[in-house]
Amino acid sequence: MSAVFGAARWSKSGYNIADFSGAKFVFLDGSDNNANELSSFIGGNQSFLENYVAGGGHLFINSAPNEGGTFSLGFGVTLNYDFAHQSTHSSVATINTAGVSAGLTYGDIATEYTGNFFSHATVTGPLTSLIDGSAGSIFSVMDWGSGFVAFGGQTTTNFHDPVVDARGLLANELAYVASVPFVSPLPIPEPEIYAMLLAGLGLLGFVARRRKESVI
């Protein structure tokens, strides 16, 4: 987050709609054992989230569950998760032509990735897929009203290979959805969000505050 937005230009929170106030971009991650909490938060606040984006907000919702099942992400989008048979898990990921055009390969990073697993879930709905997994789309986007929203089922970057490029890919995804300038992927450390998730500190929402006029 700091690599993309600057250390003092974002804040960390739990699933709290009050923190959306004044925020231009919000990243919600409900992976591992926080998928049920994310599902409950979205289910209880779907209209709020949809209105936030319709009013010009930018939102990225990601979940690589290790609990629960398939659930709605709002916006007519479904996160598909099959725990029993792992049929929604992807071990291979490809940045497709639309993803390349969107700038996800900025920094000359790879278009092909492997992982055990790269994602635990797929996303379906009226979406444009930018990253395709072996089980289906794992990063897709849509315009919604005056805003923009993205959905993913990706695991943490330490499960991805090549790992340095995977960190750059995550940074590019965040920059693209937030509509801020892309940054070089090479010096990026493991992003704060994923380090915390790996330590078991879930229920994380990330908010990028308004800054200079050049950032939408």
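Check the entry above for the structure.
I will try to describe carefully the structure that is included in this document. Just so you know, these numbers come straight off a predicted model, no measurement behind them. (Residues numbered from 1 in each chain as written. Predicted model: local features only at pLDDT ≥ 70, side-chain atom pairs only at ≥ 80, totals over all residues. Heavy atoms only, no water.)

### Examining the side chain of Thr 105
Next up, step 1: Following the sequence through the fold, Thr 105 ends up in the loop between helix 3 (97-102) and strand 7 (112-119).
Next up, step 2: Looking at Thr 105, the relative accessible area reads 17%, which means it is buried.
Next up, step 3: Not counting residues up to four positions away in its chain, the partners in contact with Thr 105 are Ile 95, Val 100, Ala 110, Thr 111 and Asn 172. (Helix = DSSP H or I, 4+ residues; strand = E, 2+ residues; numbered from the N terminus. Buried < 20%, exposed > 50% of the residue type's maximum accessible area, 1.4 Å probe, protein only. Contact = heavy atoms within 4.5 Å.)

### Some remarks on the environment of Gly 107
Next up, step 1: With respect to the helices and strands, Gly 107 occurs in the loop between helix 3 and strand 7.
Next up, step 2: Sequence separation between Gly 107 and Val 183 is 76 residues, and the spatial gap between their C-alpha atoms is 7.9 Å.

### Let's talk about the packing of aromatic side chains
Next up, step 1: Counted by the stated rule, this structure contains 11 aromatic pairs.
Next up, step 2: Ring geometry for Tyr 15 versus Phe 41: centroids 5.3 Å apart, planes at 25 degrees, classification stacked. Pair noted here: Tyr 15 is in the loop between strand 1 (10-13) and strand 2 (23-29) and Phe 41 is in helix 2 (residues 35-54), with a separation of 26 residues, a long-range link.
Next up, step 3: For Tyr 15, a relative accessible area of 17% translates into the label buried.
Next up, step 4: By relative accessible area, Phe 41 is classed as buried at 8%.
Next up, step 5: Both rings, one in Tyr 106 and one in Phe 182, keep their centres 5.5 Å apart while their planes meet at 20 degrees; by these two values the pair is stacked. One end of the pair, Tyr 106, is in the loop between helix 3 and strand 7; the other, Phe 182, is in the loop between helix 4 (163-178) and helix 5 (192-198), with 76 residues separating them in the sequence.
Next up, step 6: Aromatic rings pair up to connect Phe 20, Phe 48 and Tyr 52 into one cluster. (Phe/Tyr/Trp six-rings, centres within 6.5 Å; stacked < 30°, edge-to-face > 60°.)

### Here we look at helix 4
Next up, step 1: Over its 16 residues, helix 4 extends 23 Å from the first C-alpha to the last, a length consistent with the 22 Å expected when each residue adds 1.5 Å.
Next up, step 2: Most of helix 4 is tucked away: 12 of the 16 residues are buried.
Next up, step 3: What helix 4 keeps buried is the set Asp 165, Ala 166, Gly 168, Leu 169, Leu 170, Ala 171, Asn 172, Glu 173, Leu 174, Ala 175, Val 177 and Ala 178.
Next up, step 4: Ser 179 sits one or two residues past helix 4 and shows a positive phi near 60 degrees. (Expected span 1.5 Å × (residues − 1).)

### Focus on the sheet that holds strand 4 (residues 71-74)
Next up, step 1: An order of 4-5-8 is seen for the 3 strands of this open sheet, with the pairing classed as antiparallel. Two strands in the sheet have a free side with no partner beyond their single neighbour: strand 4 and strand 8 (122-124). Direction aside, the axes of adjacent strands within the sheet are offset by 30 degrees on average.
Next up, step 2: The pairing of strand 5 (residues 77-80) with strand 8 spans 3 bridges and is antiparallel. Residue pairing in the sheet places Thr 78 in a bridge with Thr 124 of strand 8. (Pairing = 2+ DSSP bridges. Axes fitted to C-alpha atoms, helices over the stretch in contact; angles between N-to-C directions.)

### Topic: unusual backbone geometry
Next up, step 1: The linkage connecting Asn 116 with the following residue, Phe 117, adopts the cis geometry, with an omega of 5 degrees.
Next up, step 2: The omega angle of the peptide bond from Asp 161 to Pro 162 is 0 degrees, so this bond is cis rather than trans.
Next up, step 3: Inspection of the secondary structure assignment puts Pro 162 in the loop between strand 12 (160-161) and helix 4.
Next up, step 4: Phi at Gln 86 is positive, roughly 55 degrees, even though this residue is not glycine.

### Considering the side chain of Asn 80
Next up, step 1: Its place among the elements puts Asn 80 in strand 5.
Next up, step 2: Looking at Asn 80, its side chain comes within polar contact range of the side chain of Thr 124, at 3.2 Å.
Next up, step 3: In contact with Asn 80, not counting residues within four places along its chain, are Thr 70, Thr 88, His 120, Ala 121, Thr 122, Val 123 and Thr 124. (Polar contact = N/O pair within 3.5 Å; in protein donor to acceptor, adjacent residues only side chain to side chain.)

### Digging into the pairing of strand 3 (residues 58-62)
Next up, step 1: Burial of strand 3 is extensive: 5 of the 5 residues sit out of reach of the surface.
Next up, step 2: With burial as the criterion, each face of strand 3 is covered, one bearing His 58, Phe 60 and Asn 62 and the other bearing Leu 59 and Ile 61.
Next up, step 3: Pairing geometry for strand 2 and strand 3, over 5 bridges, is parallel. Its bridge partner lying in strand 3, Val 26 is registered against Leu 59.

### Some words on the pairing of strand 6 (residues 90-95)
Next up, step 1: Taken together, the 4 bridges between strand 6 and strand 7 define a ladder with antiparallel strand orientation. Within strand 7, the position partnered with Ala 93 by the bridge is Tyr 113.
Next up, step 2: As judged from the 3 bridges shared by strand 6 and strand 9 (residues 128-133), these two strands associate in the antiparallel manner. For Ile 95, the partnering residue across the bridge sits in strand 9 and is Ile 131.

Without other data, these values stay purely geometric and don't point to any function.
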